[in-house]
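Below, each chain spelled out in residue letters.
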Amino acid sequence: MKQNIVHIALVVNDYDEAIDFYVNKLKFELIEDTYQPEQDKRWVVVAPPNSHGVTLLLARASKAEQLDFIGNQAGGRVFLFLSTDDFWRDYEYMRSIGINFIREPKVQEYGTVAVFEDLYGNLWDLIQYAPEHPMVQR
């Protein structure tokens, strides 16, 4: 059997502001932006550059109860993990464009990591795994 996690739904306030943040600031690729008239919503998928794994489905909150989860999908924990092949390049770039890091870089046994917020306040790890880490082999 072969299975894959394909998308992670990220509840957003507005499609276009989310696309602007992920595509124009974080340099993610816009994979798909398709209007679905039967549901009056868009299917918006983004992914980090040169990524071949899980993508983000930017899902606009469509019900009042979903609004409370924008920016807090994991109850204040780090929610998403952005792996990079050059931590310092990406960290310095992100700082230069105003990305808010709430935990400064730290070298850990598993790699170099810092925690940043997306445009809504969701917490992300920016991480470059150590060469011997199992994730490097994937």
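For the structure itself, look to the data block above.
Keep in mind that this is a model prediction, so the values were computed, not measured.

With that settled, the discussion passes to the packing of aromatic side chains. Applying the stated criterion across every chain, the model contains ten aromatic pairs. Look at Trp-88 and Tyr-91: their rings are 5.6 Å apart centre to centre, the planes differ by 85°, and that puts the pair in the edge-to-face class. Of this pair, Trp-88 and Tyr-91 both sit in helix α3 (residues 87–96), three residues apart, which is roughly one turn of the helix.

All right, on to the pattern of salt bridges then. Once their charged atoms are close, side chains differing in charge can pair, the charge on each being opposite to the other. Applying the stated criterion across every chain yields a total of four salt bridges. In this structure, Arg-42 engages Asp-16 in a salt bridge whose closest nitrogen and oxygen atoms are separated by 3.0 Å. Here Arg-42 is found in strand β3 (residues 41–47), whereas its partner Asp-16 is found in helix α1 (residues 15–25), with 26 residues between them in sequence. According to the relative accessible area criterion, Asp-16 is partly exposed, its value standing at 47%. Asp-90 is paired through a salt bridge with Arg-89; the nearest N and O atoms lie 2.8 Å apart.

It is worth spelling out the sheet that holds strand β2 (residues 29–36) at this point. If you trace the four strands from one edge of the open sheet to the other, you get β1-β4-β3-β2, paired in mixed fashion. In the strand order of this sheet, the two ends are held by β1 (7–12) and β2, each with one partner. Geometrically, the sheet is characterised by an average inter-axis angle of 25° between neighbouring strands, direction not taken into account. Two strands pair when backbone bridges link them, and β3 and strand β4 (residues 55–60) are joined in this way by three bridges, in the antiparallel orientation. For Val-44, the partnering residue across the bridge sits in β4 and is Leu-58.

To continue, consider α3. Within the span of α3, buried status applies to Phe-87, Asp-90, Tyr-91 and Met-94. Axial view of α3: buried residues confined to an arc of 100°, hence all on one face. Each element contacted by the buried residues of α3 is listed here: β6 (101–108), β7 (111–117) and β8 (123–129). Looking one or two residues beyond α3, the residue adopting positive phi is Gly-98, at roughly 90°.

Moving on, we come to the pairing of β7. A large share of β7 lies buried, amounting to six of its seven residues. Adjacent in sequence and paired antiparallel, β7 and β8 are bridged by five residues, among which Gly-121 carries a positive phi angle near 105°.

Another aspect to go through is the sheet that holds β7. Here we have four strands laid out as an open sheet, ordered β5-β8-β7-β6, and mixed in their pairing. Whereas interior strands pair on both sides, the edge strands pair on one side only; in this sheet they are β5 (78–83) and β6. Direction aside, neighbouring strands of the sheet carry axes that sit 20° apart on average. Two strands pair when backbone bridges link them, and β6 and β7 are joined in this way by five bridges, in the antiparallel orientation. The residue bridging Gln-108 from the neighbouring strand is Gly-111, located in β7.

Rules behind the numbers
- Residues numbered from 1 in each chain as written.
- Predicted model: local features only at pLDDT ≥ 70, side-chain atom pairs only at ≥ 80, totals over all residues.
- Heavy atoms only, no water.
- Phe/Tyr/Trp six-rings, centres within 6.5 Å; stacked < 30°, edge-to-face > 60°.
- Helix = DSSP H or I, 4+ residues; strand = E, 2+ residues; numbered from the N terminus.
- Salt bridge = Lys/Arg side-chain N within 4 Å of Asp/Glu carboxyl O.
- Buried < 20%, exposed > 50% of the residue type's maximum accessible area, 1.4 Å probe, protein only.
- Pairing = 2+ DSSP bridges.
- Axes fitted to C-alpha atoms, helices over the stretch in contact; angles between N-to-C directions.
- Arc of directions from axis to C-beta.
- Contact = heavy atoms within 4.5 Å.

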